[in-house]
Amino acid sequence: MELTPTSNNAIVNMEMHLEPVYLGEPTNNTEQPIKRRKKKSMVWEHFTIETVGLGCRRACCKQCKQSFAYSTGSKVAGTSHLKRHIAKGSCPVVLRNQQQQDPLSPFTPIQKVTPDSAIPTTDAPKRRYRTTTNFPFVGYDADTCRQEIARMIILHDYPLHIVEHPGFMAFIRNLQPRFEMVNFSTVQGDCIATYLREKQRIQNLIEGMPGRICLTLDLWNSCQTTGYVFVTGQFVDSDWKIHRKLLNVVMEPYPESDSAFSHAVASCLSDWNMEGRLFSLTINQSLSEIGIESLKSLLSENPNILGGQLLLNHCLARSLTGIAMEVLNSGHEAVKKVRNCVKYVKTNEILEEKFLELKQQLQVSSTKTLQLDDQNRWNTTYEMLQTASELKEVFFFLDTSDADYSKAPAPNEWNHVENLCTYLKLLFDTANLLTSSTIPTTNTFFHEAWKIQLELARGATSEDVSISGIAIPMRESFDKYWKSCCLILAIAVVMDPRFKMKLVEFSFTKIYGEEAVSYINLVDEGIHQLFLEYVALPVAAGGGGVAAGGGDGLDVEGVGMTDFDMYIMETASQQSKSELDQYLEESLLPRVHEFDVVGWWKLNKVKYPTLSKMARDILTIPVSTVIPESVFEVGRNEMDQYRCSLRAETVEAIVCAKDWLRNGGEGDSAELMKPLVKMEFPI
């Protein structure tokens, strides 16, 4: 049945076509033949119709001679698939014409010269394919497709064997039939090639850094007896921007040995050509004396500077997690009751609606909603307790709407939960800074650490047994971290021109009382000792940190330059000693929350040439060894079974490449474009 063109079916008629009459087909002489209109679709400029059987016809491409379904009996396949063959580059002949800009390509308008002008004009085609107006043609490139598969596997932790999975192979075959599917070995090579390209970019960045590098070591367990040490570097580039890059994943057959960490560090320094440029080390577990000494020996210049405290053997994230779990375990019964209350409401849709109605009737001001916690992440338990505590009034009256509800904690248990939340918030706020996409400078965590120390000291002396019972164990646990890292954090905050030694004096007086003077003197002596180490360093040539002076054996007028070098060092030493004192004696800058302390030292590097180098290294010491996504995780990280089955070199390649691609691969680091971290100072 034919459609008569009207205003309502005009669009339909543009896409529909009527079947032609073929001479070879039998006709009924007793009936008048049906008049067929000429086909109007542009596809018929590139296709012919061939009869392949009784009632079965196919469309044949004039260019590549491929045939496509057209009609079977009274069913007509339409022309959309024929358009795609021409418009989307599936036809190899059309594709070749387009790449060569063939004037006979169906997408190239035919030019003609008008009688009145010698200027060629272009006739607009009678009808355009919608695909050509909205989507520009992109040529098929098999190499690019392989690179994107490798990037997909790296970024999303897919197994390399995905390329051999039948479902994935079928998807690719239907998406692009011309793509020659790769196997495991090929895609493994593509992933390593991606890793090597990105590694060269990181290598150039490290070679150009003007200062030293700080490393963190995070040990991952595995389903086997081997371990994997994740070595991450933090440093400042020549533009005074902070970078954090995963440098190596070193498989250690004997992770419990004293030499496991030192071997991983030595491998990293050798791999990246950074011998003699290591400033600090941060680890996430206790080591034997032999293990600690072997790590200290890898620190550049003087390993025993600052009493060896440039080796931080406490990870802040792990310390906070351990303390938080102790707090939650101490209130286990109350926490369990609150969790059961939340579970009771959240798993019953009708009851949850009643809960919300009751909340409105009681006019509870909290805007939070109940959520069950993930017991593998302690922050979710804290947030569940905090929300339930704000909605405790609703839980009190819930039994009026539900006679079966009898699980609400007693008033004294709610009070205990509120006290737990008060002290968990101290830990949560500090740990949350470690999850930021920006890289917080070391001075940030002095504010957090002394605030925690002060609040725990106050809580430990509280007359409320519920409060002191929580604060005293927390203080004992946090003291271990504070004593280990206090000096480094204090020196870092002295490098903040808004605080200098004044904040150290103020905070230590609050914490230590009459004993504060001795601790303040330790910080003052430590910062002067470290400064003298920087004064004695040779002058660096360029950004690579290579010592200059006498490298080419140059003499001036036949006179040796050794005495002159000694004179320069002595005069520079005298001048630099006053450089630190001058900085400390100057007035403090106004205290603002969004302050780029590294940027300030960049602007003042001419005024403080030696002190700025020291500040650059001190302010980039990392306090945590874990990645931001794992800050709140309770258990240790563990390498999955699939990756353990791969070669160690392959594991390192895909894990490191993922870090580099996610954090600014193929360009500047995305994390550097984020706004500065907002802080609240406890004074």
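Residues numbered from 1 in each chain as written. Predicted model: local features only at pLDDT ≥ 70, side-chain atom pairs only at ≥ 80, totals over all residues. Heavy atoms only, no water.

- Looking at an unreviewed UniProt entry, one finds the protein chain named BED-type domain-containing protein and attributed to Lactuca sativa.
- Taken from UniProt, the Subcellular location (unreviewed entry) comment for the protein chain reads in full: "Nucleus". (UniProt positions renumbered as here; feature names shortened; annotations may be inferred.)

## Brief notes about the nonpolar core
- Counting 166 residues, the largest nonpolar core has Leu215, Phe395, Trp482, Met495, Phe508 and Trp601 as the members making the most contacts within it.
- Broken down by element, the residue count for this core peaks at 17 residues, all from helix α17 (residues 465–494).
- Apart from residues no more than four positions distant in its own chain, Phe508 is found in contact with Phe446, Trp482, Cys486, Ala490, Gly513, Ala516, Tyr519, Ile520 and Val523.
- Grouped together as the second largest cluster of nonpolar side chains are twelve residues, Trp44, Phe68, Leu82 and Ile86 included. (Core = buried A, V, L, I, M, F, W, Y, C linked by side-chain atoms within 4.5 Å. Buried < 20%, exposed > 50% of the residue type's maximum accessible area, 1.4 Å probe, protein only. Helix = DSSP H or I, 4+ residues; strand = E, 2+ residues; numbered from the N terminus. Contact = heavy atoms within 4.5 Å.)

## Examining the pairing of strand β3 (residues 67–72)
- Both strand β2 (residues 56–61) and β3 contribute to a ladder of five bridges, which runs antiparallel. If you follow Cys56 over to β3, its bridge partner there is Thr72.
- In terms of strand pairing, β3 meets strand β4 (residues 75–76) through two bridges, oriented antiparallel. Among the inter-strand pairings, Ser71 is bridged to a residue of β4, identified as Val76.
- Adjacent in sequence and paired antiparallel, β3 and β4 are bridged by two residues, among which Gly73 carries a positive phi angle near 65°. (Pairing = 2+ DSSP bridges.)

## Regarding the packing of aromatic side chains
- Per the counting criterion, the structure on display carries 24 aromatic pairs.
- Relative to Phe230, the ring of Trp220 has its centre 4.3 Å away and its plane inclined at 15°; by these criteria the two rings are stacked. Separated by ten residues along the polypeptide, Trp220 in strand β7 (residues 213–222) and Phe230 in strand β8 (residues 227–236) bring together distant segments of the chain. Taken as a pair, Trp220 and Phe230 share a single burial class, namely buried. (Phe/Tyr/Trp six-rings, centres within 6.5 Å; stacked < 30°, edge-to-face > 60°.)

## Focus on the side chain of Glu198
- Position of Glu198 relative to the elements: it lies in helix α7 (residues 184–207).
- With relative accessibility at 3%, the residue Glu198 sits in the buried group.
- Separated by 3.0 Å, the side chains of Glu198 and Arg201 make a polar contact. (Polar contact = N/O pair within 3.5 Å; in protein donor to acceptor, adjacent residues only side chain to side chain.)

## Overview of the pairing of β8
- Counting buried residues in β8 gives ten out of ten residues, a clear majority hidden from the surface.
- Across the two faces of β8 the burial is the same, with Gly227, Val229, Val231, Gly233 and Phe235 and Tyr228, Phe230, Thr232, Gln234 and Val236 all buried.
- Relative to β8, β7 runs antiparallel, the two being bridged by seven bridges. Residue pairing in the sheet places Trp220 in a bridge with Tyr228 of β8.

## Considerations on the environment of Val236
- For Val236, the position within the fold is in strand β8.
- On the basis of relative accessibility, which here comes to 3%, the residue Val236 falls in the buried class.
- Expressed as a C-alpha distance, the spacing of Val236 and Ile213, which sit 23 residues apart in the sequence, is 8.0 Å.

## Examining the state of the cysteines
- Using the criterion set out here, one finds zero disulfides in the structure.
- Its sulfur unpaired, Cys485 is 9.1 Å from the next cysteine sulfur, which belongs to Cys486.
- On the basis of relative accessibility, which here comes to 1%, the residue Cys485 falls in the buried class.
- Owing to a relative accessible area of 10%, Cys486 belongs among the buried residues under this scheme. (Disulfide = S-S within 2.5 Å.)

## Examining the sheet that holds β2
- Sheet architecture is open: four strands sit in the order β1-β2-β3-β4, paired in antiparallel fashion. Every other strand in the sheet has two partners, leaving β1 (47–53) and β4 as the edge strands with one partner each.

## Notes on the packing of α17 against helix α19 (residues 516–535)
- With their axes 10 Å apart at the nearest point, α17 and α19 run at an angle of 70° to one another. When the axes of α17 and α19 are compared, the pair comes out roughly perpendicular. Pair α17 / α19 crosses with right-handed handedness. Contacts from Leu487, Ala490, Ile491 and Val494 of α17 reach α19 at Leu522, Val523, Gly526 and Ile527.
- Taken together, the residues of the contact of α17 with α19 break down into seven nonpolar, one polar and no charged. (Axes fitted to C-alpha atoms, helices over the stretch in contact; angles between N-to-C directions. Parallel < 35°, antiparallel > 145°, perpendicular 65-115°, else oblique. Left-handed = near helix turned anticlockwise from the far one by under 90°. Nonpolar A, V, L, I, M, F, W, Y, C, P; charged D, E, K, R; others polar.)

## Things to note about the packing of helix α10 (residues 316–330) against α17
- Between α10 and α17, the least distance of the axes is 10 Å, while the angle of their chain directions is 160°. Between α10 and α17, the interaxial angle falls into the category roughly antiparallel. Viewed along their axes, α10 and α17 form a crossing whose handedness is right-handed. In contact with Leu316, Ser319, Leu320, Ile323, Glu326 and Val327 of α10, α17 contributes Ile470, Pro473, Met474, Ser477, Phe478 and Tyr481.
- Its residues assigned to classes, the contact of α10 with α17 comprises nine nonpolar, two polar and one charged.

## Looking at the pattern of salt bridges
- Applying the stated rule across the entire model yields 20 salt bridges.
- The structure contains a network of salt bridges with shared partners spanning Asp157, Asp640, Arg643 and Lys658. (Salt bridge = Lys/Arg side-chain N within 4 Å of Asp/Glu carboxyl O.)

## Observations regarding the environment of Glu413
- With respect to the element layout, Glu413 can be found in helix α15 (residues 411–433).
- It is 5.7 Å that separates the C-alpha atoms of Glu413 and Ala334, two residues lying 79 residues apart in sequence.
- In this view, Glu413 contacts Ala334 and Lys337; residues no more than four positions away in its chain are not counted.
- One polar contact links the side chain of Glu413 to the main-chain amide nitrogen of Ala410, over a distance of 2.8 Å.

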